[in-house]
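Structural description and commentary
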Amino acid sequence: MSELGDEYSKEEILSLLKKNGSNAYLIDWFDRCIDFHTFPAPGLLIGIYMVDKALELLGAKPGEKLYAVCETTKCAPDPLQVITHCTTGNHRLNVIPIGRFAITMNRSSADDHAEGFRVKVDPAKLEGTKTLKAWFANTPDFDGMTMKKKLVEEILDIGTGMLSWE
């Protein structure tokens, strides 16, 4: 049991992922991203699933030269840095603080445009997740003192099922 009260430790989250049958690469990404971020913030966990879905849609693998745009400064840029090595320093990550929980990823292109995917949390897909829906909508129905574990459980259970893309 965690000493964090109503929060899961990194080890507990990794154990839940294993129990849920998550792939080894996804468990590794959670491990590395949580270390980088310094704690398992809900937005970080969602961001890991967003990067996973974007990579799947692109048919890309970590290590490929990819570019990304993140529409929030909160948590989501970190999985892009850890998993894809897109950073502001190497000019492959642009963070545009417009307050949307969305990322766009694409490959390099010699043309004037590049084909990519924008992945976002879709509020319509949160209907079966009472705690996650309340947290995402920032409503008073979410109590950060008592609902953190339930929030993490719902994030891990729904995974990429909360996402839409274009």
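In the block above lies the structure referred to throughout.
Residues numbered from 1 in each chain as written. Predicted model: local features only at pLDDT ≥ 70, side-chain atom pairs only at ≥ 80, totals over all residues. Heavy atoms only, no water.

Per the secondary structure count, the protein chain includes six helices and five strands. For a compact globule of 166 residues, the expected C-alpha radius of gyration is about 15 Å, and the protein chain comes in at 16 Å, within 12% of that figure. Dimensions of the protein chain along its principal axes, counting C-alpha atoms only, are 50 × 30 × 25 Å. Expressed as a percentage of the 166 residues in the protein chain, the buried residues total 46%. On the protein chain, roughly 8,800 Å² of surface is accessible, and the fraction owed to carbon and sulfur atoms is 51%. (Helix = DSSP H or I, 4+ residues; strand = E, 2+ residues; numbered from the N terminus. Rg over C-alpha atoms; globule rule 2.2 N^0.38 Å. Buried < 20%, exposed > 50% of the residue type's maximum accessible area, 1.4 Å probe, protein only. Areas by Shrake-Rupley, 256 points an atom, 1.4 Å probe, with all protein chains shown as cover.)

Under the 1.5 Å per step criterion, the end-to-end length of helix α3 (residues 42-58) is 25 Å for 17 residues, consistent within 8% with the ideal 24 Å. One or two residues past the end of α3 sits G59, with phi positive at roughly 65°. (Expected span 1.5 Å × (residues − 1).)

Ranked by size, the top nonpolar core spans 50 residues in total, and within it I13, F30, Y49, I103, M105 and M162 carry the most contacts. Here the element with the most residues in this core is α3; it accounts for ten residues. With residues near it in sequence (within four places) discarded, M162 still touches I46, Y49, K120, V121, D122, K125, L126, L132 and I155. (Core = buried A, V, L, I, M, F, W, Y, C linked by side-chain atoms within 4.5 Å. Contact = heavy atoms within 4.5 Å.)

With mixed pairing, the five strands of this open sheet are ordered in space as β2-β1-β3-β4-β5. Of all strands in the sheet, those with a lone pairing partner are β2 (93-95) and β5 (163-165), marking the two edges. The sheet shows a mean angle of 15° between the axes of neighbouring strands, taken without regard to direction. Inspection of the sheet shows strand β4 (residues 116-121) paired to β5 by three bridges, in the antiparallel sense. For V119, the partnering residue across the bridge sits in β5 and is W165. (Pairing = 2+ DSSP bridges. Axes fitted to C-alpha atoms, helices over the stretch in contact; angles between N-to-C directions.)

Residues spaced three or four apart along an α-helix face the same direction, because each turn holds 3.6 residues. All of the buried residues in helix α6 (residues 148-158) are K149, L151, V152, E154, I155, L156 and I158. At its buried positions, α6 is contacted by α1 (10-19), α2 (24-37), α3 and α5 (130-136). G159, located one to two residues past α6, shows a positive phi value of around 50°.

Glancing now at the packing of α2 against α3. Between α2 and α3, whose axes approach to 10 Å, the crossing angle comes to 135°. The orientation of α2 relative to α3 falls into the category oblique. Where α2 crosses over α3, the two elements pack in a sense that is right-handed. In contact with Y25, L26, W29, F30, C33, I34 and H37 of α2, α3 contributes L44, L45, I48, Y49, D52 and L55. (Parallel < 35°, antiparallel > 145°, perpendicular 65-115°, else oblique. Left-handed = near helix turned anticlockwise from the far one by under 90°.)

We describe a pair of aromatic rings using the distance from one ring centre to the other and the angle between the two ring planes. Within this structure, the stated rule accounts for two aromatic pairs. When the centroid spacing of 4.8 Å and the interplanar angle of 70° are considered together, the rings of Y25 and W29 count as edge-to-face. Of this pair, Y25 and W29 both sit in helix α2, four residues apart, roughly one helical turn. Classification of Y25 by relative accessible area gives partly exposed; the value is 39%. On the basis of relative accessible area, W29 is assigned to the buried category, the value being 6%. Directly above the aromatic system of Y8 lies the positively charged group of K149, at a separation of 5.1 Å from the ring centroid. (Phe/Tyr/Trp six-rings, centres within 6.5 Å; stacked < 30°, edge-to-face > 60°. Lys NZ or Arg CZ within 6 Å of the ring centre and 35° of its normal.)

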